[in-house]
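Report on the structure
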Amino acid sequence: MAVGVFDSGLGGLTVLDACQKRLPDVPFVYFGDNAHAPYGVRDADDIYNLTTAAVERLWAAGCDLVILACNTASAAALRRMQESWIPRDKRVLGVFVPLIEALTERQWGDNSPPREVSVKHVALFATPATVRSRAFQRELAFRAIGVDVEAQACGGVVDAIEEGDMILAEALVRSHVEALQRKMPTPDAAILGCTHYPIMQEAFQDALGADVKVFSQANLVAESLADYLTRRPEMLGSGTETIYLTTGDPNKVSNRATQFLRRKVQFVKA
Ligand code: DGL
């Protein structure tokens, strides 16, 4: 009855952790493609090929339902996967929609026409590939009108986190927030549109100031997964064990993951 969680590297652990807390009886198989991170500087074909290979590995581990806990893969590859690649008995869900539903004050699956919402000026922090895809603006336009979005491609932040260089990651967050503020001086909300960024949430909040509401995905995705599984319990796959898979060096990845989650996590080679 396992559920698969995929990310290019360590960022999806923020989503996994929230899902494990929300659904303590469900085994999860995590796949971090650390050998190929970051995805955010790759082109769409490359992201599609890497993501589909990882999802196939999760299916083989008994996960019929896979969460792409990676905005870059959700933005650059998910639609193409859903159009022609995913078999009928499997599901792959992205992380964008729960976040945008929260931002636009909607319940799950509310497909009513777009309307005015309370946020007017939204700062989006994401990887270069996610920003380039404009997937966030497209999903938002289905649900809200009159929202001004300013996107900041946060080059370097994912690499620094993957390398465990938190001082560099923090300095980069500050400079990306300043760059955003030059384009949009007073956003009323900010979206952390990359699952690595909640690891730096304090640095984002501090640089943005206490008046800016910062939205991050982990709890929103966990809640929407719990809701999905009550409606579609048959999507729990045959896997029975929680496993952490990586394409990178299992010891190095385990150490970083243990540091981020503040509990022992042991990765094995994917
Ligand atoms: N954590 C991922 C995301 O949400 C990917 C970052 C990357 O590999 O560049 O976008």
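All figures in this text were calculated on a predicted structure; none of them were measured in a lab. (Residues numbered from 1 in each chain as written. Predicted model: local features only at pLDDT ≥ 70, side-chain atom pairs only at ≥ 80, totals over all residues. Heavy atoms only, no water.)

The next point concerns the site of the ligand. Around the ligand sit 13 residues, and of these Ser8, Tyr39, Gly40, Thr72 and His196 come closest. The side chain of threonine 72 places a nitrogen or oxygen atom 2.6 Å from an oxygen atom of the ligand. Here the ligand has 290 Å² of accessible area as a free molecule, and 99% of this is covered by the chains. In terms of residue class, the shell around the ligand is built from 5 nonpolar, 7 polar and 1 charged. (Near = heavy atom within 4 Å. Polar contact = N/O pair within 3.5 Å; in protein donor to acceptor, adjacent residues only side chain to side chain. Areas by Shrake-Rupley, 256 points an atom, 1.4 Å probe, with all protein chains shown as cover. Nonpolar A, V, L, I, M, F, W, Y, C, P; charged D, E, K, R; others polar.)

Another aspect to go through is the packing of helix 5 (residues 96-103) against helix 11 (residues 218-231). Closest axis-to-axis distance for the helix 5/helix 11 pair is 9 Å, and the angle between their directions is 105°. Considered as vectors, helix 5 and helix 11 are oriented roughly perpendicular to each other. Residue-level contacts link Pro98, Leu99 and Ala102 of helix 5 to Leu220, Val221 and Ser224 of helix 11. Of the residues assigned to the contact of helix 5 with helix 11, the class counts are 5 nonpolar, 1 polar and no charged. (Axes fitted to C-alpha atoms, helices over the stretch in contact; angles between N-to-C directions. Helix = DSSP H or I, 4+ residues; strand = E, 2+ residues; numbered from the N terminus. Parallel < 35°, antiparallel > 145°, perpendicular 65-115°, else oblique. Contact = heavy atoms within 4.5 Å.)

It is worth spelling out the sheet that holds strand 10 (residues 213-215) at this point. Strand pairing in a sheet relies on backbone hydrogen bonds. The paired strands run either parallel or antiparallel. Here 4 strands make up an open sheet; going across it, the order is 8-6-9-10 and the pairing parallel. Pairing within the sheet leaves two strands with one partner each, and these edge strands are strand 8 (148-153) and strand 10. Neighbour-to-neighbour, the strand axes of the sheet open up by a mean angle of 20°, direction not taken into account. Relative to strand 10, strand 9 (residues 189-192) runs parallel, the two being bridged by 3 bridges. (Pairing = 2+ DSSP bridges.)

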